[in-house]
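Fold and geometry: a report
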Amino acid sequence: MSSLAVRKAAPAAGTTPGTAQGPPLRRRIAFVPTLVLLAGAAYCLLPVAWVVMAATKSGKELFSTFTLLPGTGFTQNVADLTAYRDGIYWQWMGNSALYAGLGALLSTAVSAVSGYALAVYRFRGRETVFNILLAGVLMPPVILAIPQYLLMAKADLTDSYASVLLPLVLSPYGVYLGRIYAAAAVPSDVVEAGRMDGAGEWRIFMRIGLPMMVPGLVTIFLFQFVAIWNNFLLPYIMLSDDEKFPMTLGLFTLLNQGNSQPSLYTLVITGALLAIAPLIALFLVIQRFWSLDLLSGAVKS
C-alpha cells in the first residue's frame, strides 16, 4: 500500500515537484497571437461576406432583411447589370483588364531591366539613383497626380488610354523589388561565366538573369496588377469619357447616380462582387511560381 501511495503522489514526468500541473505557460501565451490573427481575419473578411450576401438580394431585400442572410435576386442583379446602358459595366471591366494587364506587364519589364542593372553592374552614381527610387517609393501618389495630368495635357494625351497607362509604367517600388531580388537570385559567378563564354550583356540577362528572377517578377506583376486594378485617382483625373473608365471609376459614377435612383445600389454591389473574381483567379493561377527554387539551375554557394 505504501509503495502504491508513493507512486500516486509522484509528480508527472517533466514537472517540478510542488507545482500545479496543467498546460505549459508558453502554450497558453501562444493563444494570444492566434486570437489577434483571428480577429484581424474577421475584420478583413466581414466586408467581403457582406458584399457576397448583399449581391444576392433584390432591391427590397437589401434594406429589409438581415445583413448576412442570403437573398434570391443574384441572377436578376447580374442580368440588370448586364443590361444597364447596353452592358457598359463589362466595357469598364475590359478597360480595367487592359489598364491592369498591360500596365503591370510593362511595369514588370521595366522593373526587371532596371533592377537587374542596379544589382549586377557597378557604376558611378548607382547608389544615388537607388536612393532617388527609394524617395519615389515614399512619395504619396496623390502628390504626383496633378503634375502627371499637366504633363499629359501638354502632350495632348488626356482623356485617352495612354494617359492612364504611361504614368503606371515606371514603378519605384517595382524597381526596388527588382533590384533586391536580382541581387539575391542572380549569382555574380554565373554572370561572369556567361561573359567568359562570350555572351553579350543582353543575352546574359535574357538567358540567365531573367529566368532566375521569374518568382520575384511574378510578385512584382501581381502587386502592380492589383494596384492598377484598384486605382481610382489617376483615371478620375485623366478621363472624362465614361466609355474609357475603368471598373472603379465606373462603379463610382454608378454609385453617385444611386442617390437619385436607389435601385442602382444593387447593381453597384453586384458589380463590386464581380470585380473581385479576376483578382482571385489571377492569384490562384500564378501562385505556383512562388514555389520555384530561387536559384534553380544555377550554382549555389
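Here, the structure is the one placed above.
Note that this is a predicted model, so its numbers are computed, not measured.

**Observations concerning the overall build of the protein**
Helix and strand counts for the protein stand at 15 helices and zero strands. Sorting the 301 residues of the protein into buried and exposed places 34% on the buried side. For the protein, the proportion of contacts with a sequence separation of at least 24, taken over those separated by at least 6, is 71%. Entry remark: accessible area of the protein is about 18200 Å², with carbon and sulfur atoms responsible for 68%.

**Side note on the packing of aromatic side chains**
Taken as a whole, this structure holds 14 aromatic pairs when the rule is applied. Measuring from centroid to centroid gives 5.8 Å for tyrosine 99 and tyrosine 161, while their planes differ by 40 degrees, and the two rings are tilted. Note that tyrosine 99 is positioned in helix H5 (residues 88-120) and tyrosine 161 in helix H8 (residues 161-169), a separation of 62 residues in sequence. Assessed through its relative accessible area of 2%, tyrosine 99 is described here as buried. Judged by its relative accessible area of 31%, tyrosine 161 is partly exposed. Centroid distance tyrosine 173 to tyrosine 176: 6.3 Å. Interplanar angle 25 degrees. Geometry classified as stacked. Highlighted residues: tyrosine 173 and tyrosine 176, both in helix H9 (residues 172-185), separated by three residues, approximately one helical turn. The class of tyrosine 173 is partly exposed, set by a relative accessible area of 37%. The exposure class of tyrosine 176 is partly exposed, given its relative accessible area of 27%. Cluster of aromatic residues (ring-pair linked, three or more members): Tyr116, Tyr121, Trp202 and Phe205.

**So, the pattern of salt bridges**
Tallied over the full model, the rule gives five salt bridges. A salt bridge links arginine 126 to glutamate 127; its shortest N-O distance comes to 3.4 Å. Residue classification places glutamate 127 among the partly exposed residues on the basis of a relative accessible area of 38%. Here glutamate 127 makes a salt bridge to arginine 179, at a shortest N to O gap of 3.3 Å. Highlighted residues: glutamate 127 in helix H6 (residues 126-138) and arginine 179 in helix H9, separated in sequence by 52 residues. Judged by relative accessible area, which is 13%, arginine 179 ranks as buried. Several salt bridges converge on common partners, so that one network encompasses Arg126, Glu127 and Arg179.

**What about unusual backbone geometry?**
For aspartate 156, which is not glycine, the phi torsion reads 60 degrees and is therefore positive. Inspection of the secondary structure puts aspartate 156 in the loop between helix H7 (141-154) and H8. Given the relative accessible area of 66%, aspartate 156 is considered exposed. One non-glycine residue, aspartate 159, lies in positive phi territory at about 55 degrees. Mapped onto the elements of the fold, aspartate 159 is located in the loop between H7 and H8. Overall, the relative accessible area of 23% leaves aspartate 159 in the partly exposed class.

Here is what the cut-offs are and how they apply
- Residues numbered from 1 in each chain as written.
- Predicted model: local features only at pLDDT ≥ 70, side-chain atom pairs only at ≥ 80, totals over all residues.
- Heavy atoms only, no water.
- Helix = DSSP H or I, 4+ residues; strand = E, 2+ residues; numbered from the N terminus.
- Buried < 20%, exposed > 50% of the residue type's maximum accessible area, 1.4 Å probe, protein only.
- Contact = heavy atoms within 4.5 Å.
- Areas by Shrake-Rupley, 256 points an atom, 1.4 Å probe, with all protein chains shown as cover.
- Phe/Tyr/Trp six-rings, centres within 6.5 Å; stacked < 30°, edge-to-face > 60°.
- Salt bridge = Lys/Arg side-chain N within 4 Å of Asp/Glu carboxyl O.

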